[in-house]
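Here's the letter readout for the chains.
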Amino acid sequence: MSGARKRGRAPGILPGLVHGLVTTARTALRPSHTAEYPDVAPTLPPRSRGVIALLEENCTSCMLCARECPDWCIVIESHKETIPATTPGGRDRQRNVLDTFTIDFGLCMYCGICIEACPFDALFWSPQFEYAEYDLRDLLHDKERLRGWMPTVPPPPALDERSAPPAEVAAANRPARPAAGAAAGAGAGAPGRAGGAARPARGDGAERPVRGSGAERPVRPVRAPRARREEDS
Ligand code: SF4
Ligand code: SF4
């Protein structure tokens, strides 16, 4: 009894050795998944967060991304420019011109908040990740370098077949409105908007009841003066 218990407690090294050899043999025969980087580029998911790309034309220097960045690693500088009025008597307009746009990738934690916060679609994720530097200061990407990542941004995913067309496409496919001069010259018999009948001139009084004529509203009874007032007078 005591011998069997002893054998159960210490089965010896042979079973463990055999088990280890089997595991080694099984692993050795399994196909390798080693990525041969940098000789073979890795296949990354389309939404990989590699580096942030800037589309400068869309940026209005609104500073939203810089304010929302939890690491304060976006620095933007801009100035105002006056655009002269295009019509006589019109007002001059002002617009922001971007001077510098810098992201410090030494601080960035790749949260993507800046991209989500941008209301003008000026920032995008690019799956590029090969921008390691020997000097930390070289991880400061200015707007030219950020702009240079734009060609590596993957195209957006296709729309769902059953979804409504984008507003821009719908607007482009809408039939053009007739010119204002042509519509006026066509006279009253010409079809108006969307091919409907011409609008009657306002103020002709044909259909609209005249306000205050008393035809539709009941006349309010005149109140008798109070007796007390009569006494006072
Ligand atoms: S990804 Fe996050 S941390 Fe990096 S710049 Fe954008 S907001 Fe800042
Ligand atoms: S939020 Fe967009 S538009 Fe505004 S400053 Fe940042 S990148 Fe430019």
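Attention in this report is confined to the structure presented alongside it. (Residues numbered from 1 in each chain as written. Chains lettered and ligands numbered in written order. Predicted model: local features only at pLDDT ≥ 70, side-chain atom pairs only at ≥ 80, totals over all residues. Heavy atoms only, no water.)

Moving on, we get to the overall build of the protein chain. Looking only at helices and strands, the protein chain features 8 helices and 5 strands. Along the protein chain, helices (α) and strands (β) appear in the sequence α-α-β-α-β-β-α-β-β-α-α-α-α when read from the amino end. Looking at the protein chain residue by residue over its 233 residues, the buried ones come to 17%. Carbon and sulfur atoms make up 56% of the accessible area of the protein chain, which totals about 19800 Å². (Helix = DSSP H or I, 4+ residues; strand = E, 2+ residues; numbered from the N terminus. Buried < 20%, exposed > 50% of the residue type's maximum accessible area, 1.4 Å probe, protein only. Areas by Shrake-Rupley, 256 points an atom, 1.4 Å probe, with all protein chains shown as cover.)

Moving on: the packing of aromatic side chains. Under the counting rule described, the total for this entry stands at 5 aromatic pairs. Note on Tyr37 and Phe129: the rings are 5.8 Å apart at their centroids and 40 degrees apart in plane angle, and the pair reads as tilted. Of the two residues, Tyr37 is situated in the loop between α2 (14–29) and β1 (51–54) and Phe129 in the loop between β4 (123–126) and β5 (140–141); the sequence distance between them amounts to 92 residues. (Phe/Tyr/Trp six-rings, centres within 6.5 Å; stacked < 30°, edge-to-face > 60°.)

A cis geometry characterises the amide bond from Tyr37 onward to Pro38, with omega recorded as 10 degrees. Within the secondary structure layout, Pro38 lies in the loop between α2 and β1. One non-glycine residue, Asp121, adopts positive backbone phi at about 50 degrees. In this structure, Asp121 sits in the loop between α4 (113–117) and β4.

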